[in-house]
Amino acid sequence: MERIKFMKRGAFALMAISLFGSYSCKEKKADKAEKAEAIEVVETIEVEDSFFKLSLAQWSMHNMIFNDGVDPYSFAEKAKSWGFEGLEYVSGLYYNELKKSDFSHEAMENFVKKSNAEAEKHGLKNVLIMVDGQGDLALSNPDERKKAVENHYKWVNAAADMNCHSIRVNLNGSSNPDEWKKNAADGLKQLATYAKDKNINIVVENHGGLSSNGALLAEVMTMVNMSNCGTLPDFGNFCIVRNDPKDYAKGCAESYDNYKGVEELMPHAKAVSAKSYDFDADGKETTIDYKKMLQIVKNAGYNGYIGVEYEGRKLGEEEGILATKNLLLTASKNLE
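Residues numbered from 1 in each chain as written. Predicted model: local features only at pLDDT ≥ 70, side-chain atom pairs only at ≥ 80, totals over all residues. Heavy atoms only, no water.

Right, let's talk about the state of the cysteines for a bit. A full pass over the atoms with the stated rule returns one disulfide. One disulfide bridge connects C239 with C252, the sulfur atoms lying 2.1 Å from each other. The sign of the 105° torsion about the S-S bond sets the C239-C252 disulfide as right-handed. Residue C239 is located in strand β7 (residues 239–242), and its partner C252 is located in strand β8 (residues 252–255); the two are separated by 13 residues in the primary sequence. On the basis of relative accessible area, C239 is assigned to the buried category, the value being 11%. Using a relative accessible area of 34% as the deciding quantity, one classes C252 as partly exposed. (Disulfide = S-S within 2.5 Å. Helix = DSSP H or I, 4+ residues; strand = E, 2+ residues; numbered from the N terminus. Buried < 20%, exposed > 50% of the residue type's maximum accessible area, 1.4 Å probe, protein only.)

Judged by how many residues are buried, strand β2 (residues 86–90) sits mostly within the fold: five of five residues are covered. By the alternation rule, side chains of β2 split into G86, E88 and V90 and L87 and Y89, which are all buried. Bridge count between strand β1 (residues 53–57) and β2: three bridges; the pairing is parallel. Note that in β2 the partner of L56 across the bridge is L87. Note: β2 against strand β3 (residues 125–130), five bridges, orientation parallel. Bridge assignment links L87 to a residue of β3, and that residue is N126. (Pairing = 2+ DSSP bridges.)

All chains considered together, the criterion is met by twelve salt bridges. Salt-bridge contacts for K181 lead to E219; the nearest nitrogen and oxygen are separated by 2.7 Å. Remark: E219 occurs in helix α10 (residues 214–224) and K181 occurs in helix α9 (residues 177–196); sequence separation between them is 38 residues. The shortest N-O distance in the salt bridge between E309 and K275 comes to 3.3 Å. Here E309 is found in strand β10 (residues 305–310), whereas its partner K275 is found in strand β9 (residues 272–276), with 34 residues between them in sequence. Taking the relative accessible area as the measure of exposure, E309 reaches 4% and is therefore buried. Relative accessible area serves as the criterion here: at 0%, K275 is assigned to the buried category. Salt bridges linked by common partners bring D234, K275, E309 and E311 together as one network. (Salt bridge = Lys/Arg side-chain N within 4 Å of Asp/Glu carboxyl O.)

Turning next to the confidence of the model for the protein. Averaged over every residue, the pLDDT of the protein is 88; the share at 70 or more is 86%. Confidence drops under a pLDDT of 50 for residues 1–44, and excluding neighbours within four residues, the segment shows 62 contacts in the predicted structure. (pLDDT = per-residue confidence, 0-100. Contact = heavy atoms within 4.5 Å.)

Turning our attention to the sheet that holds strand β5 (residues 201–205). Taken together, the eight strands give an open sheet; going across it, the order is β6-β5-β4-β3-β2-β1-β10-β9, and neighbouring strands pair in parallel fashion. Edge positions in the open sheet fall to β6 (229–232) and β9, since each of these has one partner strand only. Across the sheet, the mean angle separating the axes of adjacent strands is 30° when strand polarity is ignored. Contacts between α9 and the sheet are confined to β4 (166–169), β5 and β6, with β5 contributing the most and set at about 145° to the helix. Taken strand by strand, helix α13 (residues 317–331) contacts β1, β9 and β10, and its axis lies near 140° from that of β10. (Axes fitted to C-alpha atoms, helices over the stretch in contact; angles between N-to-C directions.)

What follows is about the packing of aromatic side chains. Following the criterion strictly, the structure yields 13 aromatic pairs and no others. Ring plane angle 80° and centroid distance 5.4 Å describe the contact between F75 and Y89, whose orientation is recorded as edge-to-face. Placement of the pair is F75 in helix α4 (residues 75–81) and Y89 in strand β2, with a sequence separation of 14 residues. A single burial state applies to F75 and to Y89, both of which are buried. Their ring planes at 25° and their centres at 6.4 Å tell us that F279 and Y310 sit as a pair that is stacked. Highlighted residues: F279 in the loop between β9 and α12 (290–299) and Y310 in strand β10, separated in sequence by 31 residues. Across the pair, Y310 and F279 agree in class, each one buried. Here the guanidinium or amino end of K114 rests over the ring plane of Y73, the centre of that ring lying 4.1 Å away. In this structure, K292 is placed above the aromatic ring of Y259, and the distance from its NZ or CZ to the ring centre is 4.3 Å. (Phe/Tyr/Trp six-rings, centres within 6.5 Å; stacked < 30°, edge-to-face > 60°. Lys NZ or Arg CZ within 6 Å of the ring centre and 35° of its normal.)

Right, here's the structure in full:
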């Protein structure tokens, strides 16, 4: 693997000043100083010093793509410039293009071809595709559940053609735990059976609803009991019931302990997502203890990719991505 080094404090500070300079007309000086301080690098760290490999979740760029007109096919180029090795694609960031032809075979082939070309050009590894909006795999109606499973086939095919190891799916459906588990296991078995011969894993993220109950999702994995079906533990995303499903800013009515949840999901993990929202002046995430999380991940014997997924609002996306990457590497030092 190419040696990827973090810049020392002084060099990174200069980069931070450069990054924030283009926004100087819009931001107060105090805000800029706070941002620069929050992402300041403490010391030089090398990726090889860590027990995991670094990938970038494309969702970290969703504002760039949706609001700023950044081409989603520039993903590999940007990830390379930020020092990542792996790519975690998000299906929904390509839907403006793919929906025009109703996800035709030709459109999907074009997505695969262009993504592969960019990954190869920049020397990065396609890791997985996060699939959304293709139907709920834990629906109670068996016909609707089967239709949702079949909607995911094209993404399994795409992942296989891109040499990814997995697609990430959601397990929305019934709010009754026993019913949800039964439906979820059935939907996953159907999809994992299709994906098995293509050497693709089906991985489930804790992503709201009952999927954010770590114990229940772990039970589903045991029920499925297939080698190519597993989990993608996310450090955040443990809200089971929101106060207002249409307005996430109104907070969570029922949540699950995120450390307990990650620990319960790690025995089945085939990928891990390092969620981040905000940082303090020392570069630490304000809501998640990264050292504690990484110790849980390491204790599980995991040594695959950990994907950076910045969802904060105080930093710009590029700054948040770099801050999260640095925190992962600093927090991984001196673990037991």
